[in-house]
Amino acid sequence: MLQVGINGYGTIGKRVADAVAAQPDMEVCGVSKASPDFGADGAVRRGYTLYSAREDRVSAFRKAGYEVAGTSEDLIAESDIVVDATPGGIGAENRPRYEAAGTPAILQGKESDSLVDTSFNARANFEDAEGAEYVRVVSCNTTGISRLVSPLEEAYGVEKVRATLVRRGGDPDQTGRGPINDILPDPITVPSHHGPDVNTIFPDLSIDTMGLTVPTTLMHMHSLNIELESEPSSEEVRELLAGESRIFVVDDGLAIDGTGKLRELARDRGRPRGDLWENCVWGESINVQDSELYLFQAIHQESDVIPENVDAIRAMTGLAGRDESMAMTNESLGIGL
Ligand code: NAD
């Protein structure tokens, strides 16, 4: 069994831990946190071995009543591979530690592409991560765009992508984030940095993006306009996307008019934490006019990258190839609405 350490047990880390624990070919050897808060409580209740991010915090964990098996340094030494889900920038600080220990590591979206052998999206470039030592699973938004561009590129060719990303102000536990009552062009400069991030997966893709931030914690919403090289019908595109395992084409009959009902659907289906691992594309919005495709998709920022982390582990360690890995991950998590 491959031993996977989770360094940074927060929004992404705790979900990756549960996803790894659900796989038949890997297990969680421990999780590391910076502070003994409710997240530490959750880790212990799930039976994960807890590590303290730093030596000088061990006493704080013990004082709060938590057993710790050591520090992140110890966890890195114990692990065959580490998923680093620490806050943006700390992955870069941790990178030399992985190298010193000879432990391969997966970084997350906020870290720079220059720190890794390749950025990663399972559908688009699984093979690039095969045998790699350092991989970055791209951000939630880039994951969402990559899953969409891959099949469109293969089926029709993509001339140009234009995307407006309406982003959630923060995650539900981020009490300090905002705005509370505003609509922010974010960043104000255009095009935004999101397009170049997609280019870490598709180096030759022509893409321009604009970003806004709005007062919600539920999901991001993408408004997309994609120039195709051929002219499929709207129905053909809808069928193509419906055939993708990590795209959920929202059926008109469900009467889902926004991200609130999408999350409610996930809770109704018994999804853990109400997670939506799939891109949620409104079927009614799929419209092709003169080779230009228009659609809306919602992206659950807390969870769409989770299956990608599991597949990145398999790609790097050679446990399985793309199709087998994606199928195992999908099956074990229950992906597909
Ligand atoms: P988070 O703040 O929810 O969790 C970070 C965790 O890391 C916390 O448990 C904290 O205790 C721990 N931590 C802090 N410093 C540490 C250290 N030095 N060593 C070990 N653990 C430490 O952050 P998050 O939202 O899960 O984001 C993690 C990464 O995932 C970032 O790169 C982020 O860009 C990326 N990401 C986040 C989202 C999202 O919407 N939340 C989506 C996709 C990707």
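To be clear, the structure that these remarks concern was listed above.
What counts and how
- Residues numbered from 1 in each chain as written.
- Predicted model: local features only at pLDDT ≥ 70, side-chain atom pairs only at ≥ 80, totals over all residues.
- Heavy atoms only, no water.
- Helix = DSSP H or I, 4+ residues; strand = E, 2+ residues; numbered from the N terminus.
- Rg over C-alpha atoms; globule rule 2.2 N^0.38 Å.
- Contact = heavy atoms within 4.5 Å.
- Areas by Shrake-Rupley, 256 points an atom, 1.4 Å probe, with all protein chains shown as cover.
- Lys, Arg positive; Asp, Glu negative; His and termini not counted.
- Charge placed at Lys NZ, Arg CZ, Asp CG, Glu CD.
- Near = heavy atom within 4 Å.
- Polar contact = N/O pair within 3.5 Å; in protein donor to acceptor, adjacent residues only side chain to side chain.
- Domains from an automatic or database assignment.
- Salt bridge = Lys/Arg side-chain N within 4 Å of Asp/Glu carboxyl O.
- Buried < 20%, exposed > 50% of the residue type's maximum accessible area, 1.4 Å probe, protein only.
- Core = buried A, V, L, I, M, F, W, Y, C linked by side-chain atoms within 4.5 Å.
- Axes fitted to C-alpha atoms, helices over the stretch in contact; angles between N-to-C directions.
- Parallel < 35°, antiparallel > 145°, perpendicular 65-115°, else oblique.
- Left-handed = near helix turned anticlockwise from the far one by under 90°.
- Nonpolar A, V, L, I, M, F, W, Y, C, P; charged D, E, K, R; others polar.

J.: I'm lost on the overall build of the chain in this one. Help?
T.: Secondary structure summary: the chain contains 12 helices and 15 strands in total. A compact globule built from 337 residues should have a C-alpha radius of gyration of about 20 Å, and the chain, at 20 Å, falls within 12% of that. Its C-alpha atoms give the chain principal-axis dimensions of roughly 65 × 45 × 40 Å. Within the chain, contacts between residues at least 6 apart in sequence are counted, and of these 70% link residues at least 24 apart. A total of about 14100 Å² of accessible surface is found on the chain, and carbon and sulfur atoms cover 48% of it. Separation between the mean location of the 30 positive side-chain charges and that of the 56 negative ones in the chain comes to 8 Å.

J.: Where do I start with the site of the ligand in this structure?
T.: Taken together, 21 residues surround the ligand, and among them Y9, I12, K33, K110 and D171 come closest. One of the side-chain N or O atoms of K33 is found 2.9 Å from an oxygen atom in the ligand. If the ligand stood free it would expose 830 Å²; the protein chains cover 84% of that surface. Elements with a minimum of two residues in the shell around the ligand: α1 (11-21) and β2 (26-33). Inspection of the shell around the ligand shows a minimum of three residues originating in each of domain 1 (2-138 + 305-333) and domain 2 (140-299).

J.: Looking at this model, I keep getting lost on the pattern of salt bridges. Mind explaining?
T.: Pairing between side chains becomes possible if they bear opposite charge and their charged atoms approach one another. The full count for this structure, using the stated rule, is 27 salt bridges. With a shortest N-O distance of 2.7 Å, R123 and E244 are connected by a salt bridge. Here E244 lies in the loop between α9 (234-242) and β12 (247-250) and R123 lies in helix α6 (residues 122-125), a separation of 121 residues in the sequence. Each member of the pair R123 and E244 is classed as buried.

J.: It is not clear to me how the nonpolar core should be interpreted in this structure. Could you clarify?
T.: Side chains of a nonpolar character, in soluble globular proteins, are inclined to be buried together. Ranked by internal contacts, the top residues of the largest apolar core, which has 44 residues, are V4, I6, V31, L50, I106, F120 and I313. If one sorts the elements of this core by residue count, helix α11 (residues 306-317) sits on top with 6 residues. Of the domains in this structure, domain 1 (2-138 + 305-333) and domain 2 (140-299) are the two that each give at least three residues to this core. The contacts of F120, once residues within four sequence positions are left out, are N125, F126, A129, V135, R136, V137, V138, I201, E308, D311, A312 and A315. Counting 27 residues, the second largest nonpolar core, distinct from the first, contains A163, I207, I226 and V249.

J.: When you look at the packing of helix α7 (residues 140-156) against α9 in this model, what are you seeing that I'm missing?
T.: Helix-helix packing: each pair is described by the crossing angle between the helix axes and the interaxial distance. Look at α7 against α9: their axes get within 10 Å of each other, and the N-to-C directions meet at 125°. In terms of axis orientation, α7 runs oblique to α9. Handedness of the α7/α9 crossing: right-handed. Packed against α7, whose contacting residues are L148, P151, L152, A155 and Y156, the element α9 presents E236, V237, L240 and L241 at the interface. Here the residues of the contact of α7 with α9 are counted per class, giving 8 nonpolar, no polar and 1 charged.

J.: Honestly, the side chain of D171 in this entry has me stumped. Any pointers?
T.: Topologically, D171 is positioned in the loop between β8 (158-168) and β9 (184-185). Reaching out from D171, the side chain makes a polar contact with the side chain of Q301 at a distance of 3.0 Å. In contact with D171, not counting residues within four places along its chain, are T11, T217, Q301 and E302.

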